[in-house]
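# Structural overview
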Amino acid sequence: MSSVCEPSHNAAQNALTAFMCLGITISYLPQHWRIISAKSSEGFSPWFLLLGSTSSASGMLNIIVMQWGIIKCCRVLTFGSCIESIAGVLQLALVWILFVMILVLYMIYYPAHKKYVELDVNLRDDVPPQHVKTPVKREEWKLSIVLSWVVFFHIAFIIFVTFLLLSTNPTPDATHRSRQLQLWATFLGVSSALLAMFQYTPQIAHTYRIKLVGALSIPMMCLQTPGAVLMVLSIALRPGTNWTTWISYAVAGIMQGILLVMCIIFRARQHKHGLDDFGRPLAAANLGDSYTSSSASVQTPPAVLVEAALGDAVQSDVRSEHGVDVVEEVGEGAGDFEETPLLAKRNGRGIGEREGGFLAWFRRR
């Protein structure tokens, strides 16, 4: 085994892989932070997350199969030589972990008002409709739960099959694989490419339908779209890999570029119309505090407004039934100086109204 497991040092290739691992981590952090800071994962398509998770998992296991002989050499190599040899595997494993974290954050920060069906129930005719949250899950939330379980069972199944087949191919030589193992590696690579191609299709359709950027991170896509070229190059230079290993990342880079252009166009249009990435007015957040402080002193409580409306209705009924004009008190606190205003009234009229009558009499004279 020691003759086969001779460490190879390639400074340029190792530097490229290290740079890619750092770049991959940095490129995903804006997306993670955007969901956490916004406390919302609105804007994502659950199908996009399903296909992305399964595609990255298949790509990770493809390179594990292709470089299994190199991985087994870590038993006789030093730690540094082992990390250098399996850097390609670590690179794709990092992609899978960071993308699955988006799915986890999507489920954690799924908008609460979109989880369950909410209804307006009319209890009585004289009572406004009551807004009731039912225990019935909305269709998209149920779909998200189901697809999350599909992701879990998919990774569990392909890991089981992969290591079951690897146990039948004990040789550490990467060029000697059983026919079943070679077919399985090809299946993983091709399925990863197909999933990556269809991964962005539902997300592109979803973004085009809602015409909103939502929780999608444009900085992440700006980093990852050109980074796909370096990603393909770094994988293709690794020993034991072929087109089935890097094709999925080439397809994903092209599709992500299309989504990036759409998000840039929609963001520009939203800002032109005074909307943020979630379709909310941009001025609402800035004017909210000043509006509240300036209008707090003049706003009338809802109960007072209702009472005033009922009073107007009663007065209009009195006018229509008795033909009598009901004169309202004029000025602020017209009867505040009276301890018992009712005693100061005569024939239904107060002092202020009587004074108004004398003034009217002088005007007639």
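Structure shown above.
Right, let's walk through the structure included here. Model, not experiment: these values are computed from the prediction.

### What to know about the pattern of salt bridges
If you walk through the whole model with that rule in mind, you get two salt bridges. Notably, a salt bridge pairs E42 with K114, separated by 2.9 Å at the nearest N-O pair. Linking E42 in the loop between α1 (11-38) and α2 (46-66) with K114 in the loop between α5 (87-108) and β1 (116-121), this pair joins segments that are 72 residues apart in sequence. Residue class for E42 comes out partly exposed when judged on its relative accessible area of 24%. Its salt-bridge partner being E139, residue K142 comes within 3.3 Å of it at the nearest N-O pair. Here the residue K142 and the residue E139 both occupy positions in helix α6 (residues 139-166), the gap between them amounting to three residues, near one helical turn. Residue classification places E139 among the exposed positions, given a relative accessible area of 59%.

### Regarding the side chain of T207
Within the secondary structure layout, T207 lies in helix α7 (residues 179-210). Excluding residues within four positions of it along the chain, T207 makes contact with L212, L216, L259, M262, C263 and F266.

### Quick notes on the state of the cysteines
Overall, the coordinates contain one disulfide when judged by the stated rule. Linked covalently through their sulfurs, C74 and C82 form a disulfide whose S-S length is 1.9 Å. Disulfide C74-C82: torsion about the S-S bond near 90°, hence right-handed. Looking at the unpaired C222, the closest cysteine sulfur is the one in C263, lying at 9.6 Å. Judged by its relative accessible area of 38%, C222 falls in the partly exposed class.

Cut-off values and rules
- Numbering of residues begins from 1 in every chain and follows the order in which that chain's sequence is written.
- Restriction of local features to residues with pLDDT of at least 70 applies here, the model being predicted, together with a cutoff of 80 or more for giving and counting side-chain atom pairs; totals for whole chains, interfaces and linings are based on all residues.
- With hydrogens and water set aside, each side-chain value is computed from the structure's full complement of heavy atoms.
- The term salt bridge refers to a pairing of a side-chain nitrogen on Lys or Arg with a carboxyl oxygen on Asp or Glu at a separation within 4 Å.
- Comment: elements are numbered from the N terminus, with helices defined as DSSP H or I runs of at least four residues and strands as E runs of at least two.
- The buried label applies to any residue whose accessible area, calculated with a 1.4 Å probe on protein chains only, is under 20% of its type's maximum; exposed applies above 50%, and partly exposed to all values in between.
- The contact definition used throughout considers only heavy atoms, calling two residues in contact when any of these lie within 4.5 Å.
- The criterion for a disulfide is a pair of cysteine sulfur atoms lying within 2.5 Å.

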